[in-house]
Amino acid sequence: MATPKTSPNRLPFTELMSLIPLPPASSENPNPNSVPNGNRHAHVHGERENGGGEERFMSTRPAFDPGQGSAYGGHVFAQSVWAASFSVAEGMVVHNVHGFFPLPGLVDRPYIYSITHLSEGRSYCTRQVNVRQPISPSKPSLKSSSKSSYSSLSSDPTPKFSIEDVQGELGKVCFSAMISFKRDEEYGKGHQIEVGVRERYRSVIEGKMPESWPFVPRVDAPWAARATSRYPTPNTFPGLTMHRVNMSPFNTTLPPTAYRQLTYYQPLGPLPPSSPNLHACAHLYASDRNSLYLIPNALHTGAEIRQMGSLSHSVVFHVSSEALLMREGEWWVQESWTPRSGSGRAVHESWIWKLEDGEGEGGRGRDVHIASSWQDGLVRYSEKREEQKQRLLWFQGMRRMGLVGEDICAEEGLPGLGEGKGSGRGGEKL
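None of the values given here were measured: they were computed from a predicted structure.

Procedures and definitions
- Residues numbered from 1 in each chain as written.
- Predicted model: local features only at pLDDT ≥ 70, side-chain atom pairs only at ≥ 80, totals over all residues.
- Heavy atoms only, no water.
- Buried < 20%, exposed > 50% of the residue type's maximum accessible area, 1.4 Å probe, protein only.
- Helix = DSSP H or I, 4+ residues; strand = E, 2+ residues; numbered from the N terminus.
- Pairing = 2+ DSSP bridges.
- Phe/Tyr/Trp six-rings, centres within 6.5 Å; stacked < 30°, edge-to-face > 60°.
- Lys NZ or Arg CZ within 6 Å of the ring centre and 35° of its normal.

A. Just the pairing of strand S2 (residues 54–59), in detail. Counting buried positions over the 6 residues of S2 gives 5, a clear majority of the element. In the sheet, strand S1 (residues 19–22) pairs with S2 via 4 bridges, with the strands oriented antiparallel. If you follow leucine 19 over to S2, its bridge partner there is serine 59. In terms of strand pairing, S2 meets strand S4 (residues 112–120) through 5 bridges, oriented antiparallel. Across the sheet, glutamate 55 pairs through a bridge with isoleucine 115, a residue of S4.

B. Expanded view of the packing of aromatic side chains. Counted under the stated rule, the structure contains 17 aromatic pairs. Centre to centre, the rings of tyrosine 111 and tyrosine 113 are 6.1 Å apart; their planes meet at 45 degrees, and the pair counts as tilted. With a relative accessible area of 2%, tyrosine 111 lands in the buried category. For the pair phenylalanine 237 and tyrosine 285, a centre-to-centre distance of 5.3 Å together with 20 degrees between the ring planes defines the contact as stacked. Residue phenylalanine 237 is found in the loop between helix H5 (222–230) and strand S7 (240–244), and its partner tyrosine 285 is found in helix H7 (residues 276–287); the two are separated by 48 residues along the sequence. Looking at tyrosine 285, the relative accessible area reads 0%, which means it is buried. Feature note: the residues Phe13, Phe64, Tyr72, Phe237 and Tyr285 constitute an aromatic cluster, connected by ring pairs. The ring of phenylalanine 237 carries the charged tip of arginine 289 above its face, separated from the ring centre by 3.7 Å.

C. How the structure looks around the side chain of aspartate 108. Inspection of the secondary structure puts aspartate 108 in the loop between strand S3 (93–100) and S4. On the accessibility criterion, aspartate 108 (5% relative accessible area) is buried.

D. A look at the pairing of S3. With respect to burial, S3 is a largely interior element, 6 of its 8 residues being buried. Of the strand pairs in this sheet, S3 and strand S6 (residues 175–182) are connected by 7 bridges, and their pairing is antiparallel. Within the sheet, the bridge partner assigned to valine 94 lies in S6 and is phenylalanine 181. In the sheet, S3 pairs with strand S9 (residues 305–317) via 5 bridges, with the strands oriented antiparallel. Across the sheet, residue phenylalanine 100 finds its bridge partner in S9, namely serine 312.

By themselves, these figures tell us nothing about what the structure is for.
Here it is, written out as structure tokens:
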């Protein structure tokens, strides 16, 4: 059954993606009331530097922290597209995103999005987005004690960044994306895999509601499961409600390449139907959730993770803007697997499915394959517990947020408070 506890303070997706347009560095501060979000998409553009070529925005809400201090990568991946969408003509909807993660993002400071126009066409246009963060944390983090001010369980449940947080020097590019937008085209011919996701996994999911499965864990690793079994925490993941199907009966006797994971998701709060790019961003935001953890789970090496992180992530949408819209009560499914790993890297792939209602085979509606993803990640292992940095950083971060006790931290080999060196913020370059 699903974990009964969920935080009442989780941000709706529309608010999570909210942006403030920024002027050139030499200009005065932008009007703080001019905040683009999902309810206001009509030609709200950032200021272009030097009279053209580049537009800038800043995020207003912190990204989710899975535990180790670095930000959930799906936030900057999705919000880059949302920022770029304010630079395109009406009717242009994202269909292709290729993103690269040279540095981990940090949760205690905003993202600054710089959009460059690469091409303009009647049917297609292309944007490049480079993302940086201030070299110093935002002011609210200075008030932290045992818990981070940007924790999902903070005394301020909905911290918000301001213009003052981006007045200082910016760091190096932490994320870069190439994004293509296009207009809808009316063509009747096309194809997809003949057997939908519900039919292929009927033995596992038939007769069960999406919300009956557990919430997707903060981190899908055996050591995280040990911690949360002793220190249960509410579901604080913002923007979406996500449930992970227990695929153990299906995966038991299969090799790693046949291992599968299904994840149901739907947005928190309504998304305006007039903003198809915002709906697309919700799918992008879901596509990265615990993605690389699938590889060690398929290989049964989750206890030996030394270091792991996304190098690149790509998503292609296959359908019209209308088919991307996420209506209230609808559930969507991500079907994930790994075809290859080795040499310190691994590939995660997925298909995203729209579950249509109606009378189809077996009383089900049609399953529509709306998007495909392809992710290249760094995955390193070590049998030496002291070298398993991914695990140690996670426990350090969870202790900092007050979500696990000293007893289990000691069992996991974490130094006592005051004994460790460094901040463990997760900002090291991979």
